[in-house]
Amino acid sequence: MGDQTNPAKRVQQLKQLLESANIAYYVDDAPTISDAEYDAAMYELIQLEELHPNLKSPDSPTCRVGAPPATAFEPASHRVPMLSLDNAFNDEELRAFDGRVKRVLEMDAEAEIDYTVELKIDGLAMSLSYQNEQLISAVTRGDGSTGELITDNIRTVRAIPLALMGLPLPTFVEVRGEVYMSHQEFARINALREQNGEATFANPRNAAAGSVRQLDSRITADRRLSFFGYALGACEGMPQPTSQWQLLQILKTWGFPVNPHAKRLQGIEAVIAHCTEWAEKRDSLGYDIDGIVVKVNNLALQQQLGSVARSPRWAIAYKFPAQQVKTLVLDVKWQVGRTGAVTPVAVMESVNVGGVNVKSATLHNEDEIARKGVMIGDWVMIQRAGDVIPEVVSVLTDLRTGEEQPVIRPVQCPECGAEVERPEGETIARCVNLQCPAQVVERVIHFCSRDAMDIEGLGDKIPRMLFEQGLVKDPSDLYNLTMEQLLPLEGFKQKLAEKLSGAIQASKSVALNRLIFALGIRQVGQKAAQTLAKQFGSLDAFMLATEVQLLEVPDVGPATAKEIVEFFEREGNREVIRKLLEAGVNPEEMEANRSDALAGQTFVFTGALQSFTREKAEELVQQMGGKASGSVSKKTSHVVAGENAGSKLTKAQQLGVSVLTEQQFTELMREIGVEMVDEG
Ligand code: IVH
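So, how was this worked out
- Residues numbered from 1 in each chain as written.
- Predicted model: local features only at pLDDT ≥ 70, side-chain atom pairs only at ≥ 80, totals over all residues.
- Heavy atoms only, no water.
- Axes fitted to C-alpha atoms, helices over the stretch in contact; angles between N-to-C directions.
- Helix = DSSP H or I, 4+ residues; strand = E, 2+ residues; numbered from the N terminus.
- Left-handed = near helix turned anticlockwise from the far one by under 90°.
- Contact = heavy atoms within 4.5 Å.
- Nonpolar A, V, L, I, M, F, W, Y, C, P; charged D, E, K, R; others polar.
- Buried < 20%, exposed > 50% of the residue type's maximum accessible area, 1.4 Å probe, protein only.
- Pairing = 2+ DSSP bridges.
- Near = heavy atom within 4 Å.
- Polar contact = N/O pair within 3.5 Å; in protein donor to acceptor, adjacent residues only side chain to side chain.
- Areas by Shrake-Rupley, 256 points an atom, 1.4 Å probe, with all protein chains shown as cover.
- Phe/Tyr/Trp six-rings, centres within 6.5 Å; stacked < 30°, edge-to-face > 60°.
- Parallel < 35°, antiparallel > 145°, perpendicular 65-115°, else oblique.

*Asks:* Before we move on, could you go through the packing of helix H1 (residues 7-27) against helix H2 (residues 35-51) and cite the residues and values that matter?
*Replies:* With their axes 10 Å apart at the nearest point, H1 and H2 run at an angle of 145 degrees to one another. Where H1 crosses over H2, the two elements pack in a sense that is left-handed. Within the contact between the two elements, H1 uses Pro7, Arg10, Val11, Leu14, Lys15, Leu17, Leu18, Ala21 and Asn22 and H2 uses Tyr38, Ala41, Met42, Glu44, Leu45 and Leu48. Among the residues making up the contact of H1 with H2, the classes are represented as 11 nonpolar, one polar and three charged.

*Asks:* Account for the pairing of strand E5 (residues 134-140), naming residues and giving values.
*Replies:* A regular strand places its side chains so that they alternate between the two faces of the sheet. Here E5 lies mainly inside the structure; five of its seven residues are buried. When strand E4 (residues 124-131) meets E5, the two strands line up antiparallel, connected through six bridges. Across the sheet, the residue bridging to Tyr130 is Leu135, located in E5. Linking E4 back to E5 in an antiparallel pair, the connection comprises two residues, with Asn132 at a positive phi of about 45 degrees.

*Asks:* Tell me what's going on with the site of the ligand, and back it up with residues and numbers.
*Replies:* In the vicinity of the ligand lie 13 residues, with Glu118, Ile121, Glu178, Tyr230 and Lys295 positioned nearest. Measuring from an oxygen atom of the ligand, one finds a side-chain N or O atom of Lys120 at 3.2 Å. Between the ligand and the protein, one listed contact pairs an oxygen atom with a side-chain N or O atom of Tyr230 at 3.5 Å. Computed on the free molecule, the ligand has an accessible area of 520 Å², of which 87% lies beneath the protein chains in the complex. Secondary structure elements with two or more residues in the shell around the ligand: strand E3 (114-121) and strand E10 (289-296). The element that contributes the greatest number of residues to the shell around the ligand is E3, accounting for four residues. The class makeup of the residues in the shell around the ligand is nine nonpolar, no polar and four charged.

*Asks:* Which residues make up the pairing of strand E14 (residues 323-336), and what are the values?
*Replies:* With six bridges connecting them, E14 and strand E17 (residues 379-384) associate as antiparallel partners. Along E17, the bridge assignment pairs Leu328 with Trp379. Where E14 and strand E15 (residues 342-353) come together, seven bridges link them in antiparallel fashion. Looking at E15, one finds that Gln335 is bridged to Thr343. Following E14, the chain reverses through five residues before pairing antiparallel with E15; Gly340 in that reversal takes a positive phi of roughly 85 degrees.

*Asks:* Tell me about the packing of aromatic side chains, and please be specific about residues and values.
*Replies:* One pass over the full model with this rule turns up 16 aromatic pairs. Pairing Phe97 with Tyr115 gives two aromatic rings, centres 6.1 Å apart and planes at 35 degrees, and the pair type is tilted. One end of the pair, Phe97, is in helix H3 (residues 91-104); the other, Tyr115, is in strand E3, and 18 residues separate them in sequence. The exposure classification of Phe97 matches that of Tyr115, with both residues buried. Aromatic side chains Phe228 and Tyr287 sit 5.6 Å apart centroid to centroid with 65 degrees between the ring planes, which places their arrangement in the edge-to-face category. Here Phe228, found in strand E8 (residues 226-236), pairs with Tyr287, found in the loop between helix H9 (268-281) and E10; they are 59 residues apart in sequence, far enough to count as distant. Both residues of the pair, Phe228 and Tyr287, count as buried. Feature note: the residues Phe536, Phe542, Phe567 and Phe568 constitute an aromatic cluster, connected by ring pairs.

*Asks:* Hey, could you go over the packing of helix H20 (residues 558-569) against helix H21 (residues 571-582) for me, with residue numbers and the actual values?
*Replies:* Across the interface, H20 lies against H21 with an axial gap of 5 Å and an inter-helix angle of 75 degrees. With respect to each other, H20 and H21 are oriented roughly perpendicular. Residues Phe567, Phe568 and Glu569 of H20 pack against Glu571, Asn573, Arg574 and Ile577 of H21. When its residues are assigned to classes, the contact of H20 with H21 shows three nonpolar, one polar and three charged.

The analysis is restricted to geometry; functional conclusions fall outside its scope.
Structure, rendered in structure tokens:
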């Protein structure tokens, strides 16, 4: 026990004990105290700070347990923008990068550049600002210039120092690095989520992203995220490092974990060998990496190289090839989705692909099966690239025995026996029965899901159970569940039942775009739901929209407009919505953000635009009441010409149509109150 009479001194002691334990654990990988000792010290410090609030400082390890929930994340800008990297997918592209570097630096083609190579951690980039050594803010990458302020959440990451430790100490610095989740932690979190009937995370990166963006930082604290530092943004009050390698050493003295596999290599051939080596052994780490970052080591040379668009010319990301593994197709099952789509799924002998056990892979649709020529009993190569669902890449026809069976799409729904129909010209076959149990369950699951109504605790298990027990036949039934109905269900204790009904009740006040997405209208994804919510402002207005009105909405094409109208024409759907509203579901209305500043004007975009995409520009023009068109005529008001504009520009000049540069267009938009933000 420490000094009991001098609380200030004891607080100091405990702070030091806890922070050095963090460094020992996260930076040096050599724990000095047990979890129990850590928890006891933390508990004592919390008590002392409660008793003596004046002794609590922002760098106290007690911040790491999380703070009460925030309502939203504030935007915050980076002092120095956060760039992204160009990719190289093979040796040739790495050599081309090396050649470019030497050309710009006017170096001999045979010269060997001094490179620092680092693992490309598959997490989320963060910028951490320290003023007078204290962590004052943590901001996500966002669009590279502005991100979200998530300081409370980042304080809970024990690998991140709350105060810089060793020399040289800057007066202000932005430290950049990657927040990620280890495989071990990922497994722990998913096991817990599964126990609680919550949807599991698809991969560690998604889990880290979900954890970092929690409004309640106490949840982030429970997730035990990790961090590696690898770059600086603004840096004041100390001499700049002279190389990337030195920068990494400085990060270590400040107390940041720096990835131990960083290396200095001379010349691109050594770099290529290193990349090949890691492509083989990437699975041996306890965390995901998706490539190797290659950086010109010398900072003066980096400055000379500068950057183009949003990527530095002094660095490149080598991306590993997708991992492919051979396995046997045991069977093909037809799965019925929420929209009735009947999709083939290959059931395979379980294999490990990039650290994940895979025993099924999507075959997409009948045409894909025909194109790839997959038969039941075939040996196939499957691949899993990044987040995506594993898929069958090719059939190893040489290994056929003649026993293989063709894959035949069922004519009756495997779930309800209704007819399966494949309309002329479509690739997807669908079960025509809207009451098909598989569709109904999937609709309820979709309704509850994270991007829809986000009802915590309702993953896919519980909705399935509620449906099987006859308690929930459509999403509105969720809101009428009683404790008497929930408690007898298998695995339900008072606490879980209370938690669930709390979460269901809480979902009643919901953003309009979420509710629109949750309805599960075909073709209406998250993005379209957002645009529609903005455009119509209320559920009533949206439900009453005609096909013509819908077609005016940016991103809504004829197929989507038709689906929306048909959806609301169905009495069953209107009934569900009526019941939802009756049960108290209350979508927040939004101010419909149409304007008519550009009414009557038609814009044509041509050539390569630098700071925004053509789609984005067209969407904004439409939102301001203007029209965007793909071809130039006398009626065109302005042609916005980017680099290498071709025939459309010539035509505009011939017709005497006004031609704007990208800059002039940005200014025009600014005048009517639209800021064209650069999207990363
Ligand atoms: S350097 C200008 N180093 O990769 C330099 N990035 O595609 C920018 N990343 O946004 C980043 N590990 O999220 C750098 N050792 C590493 C990295 C790394 C992962 C991520 C980072 C960045 C993205 C660029």
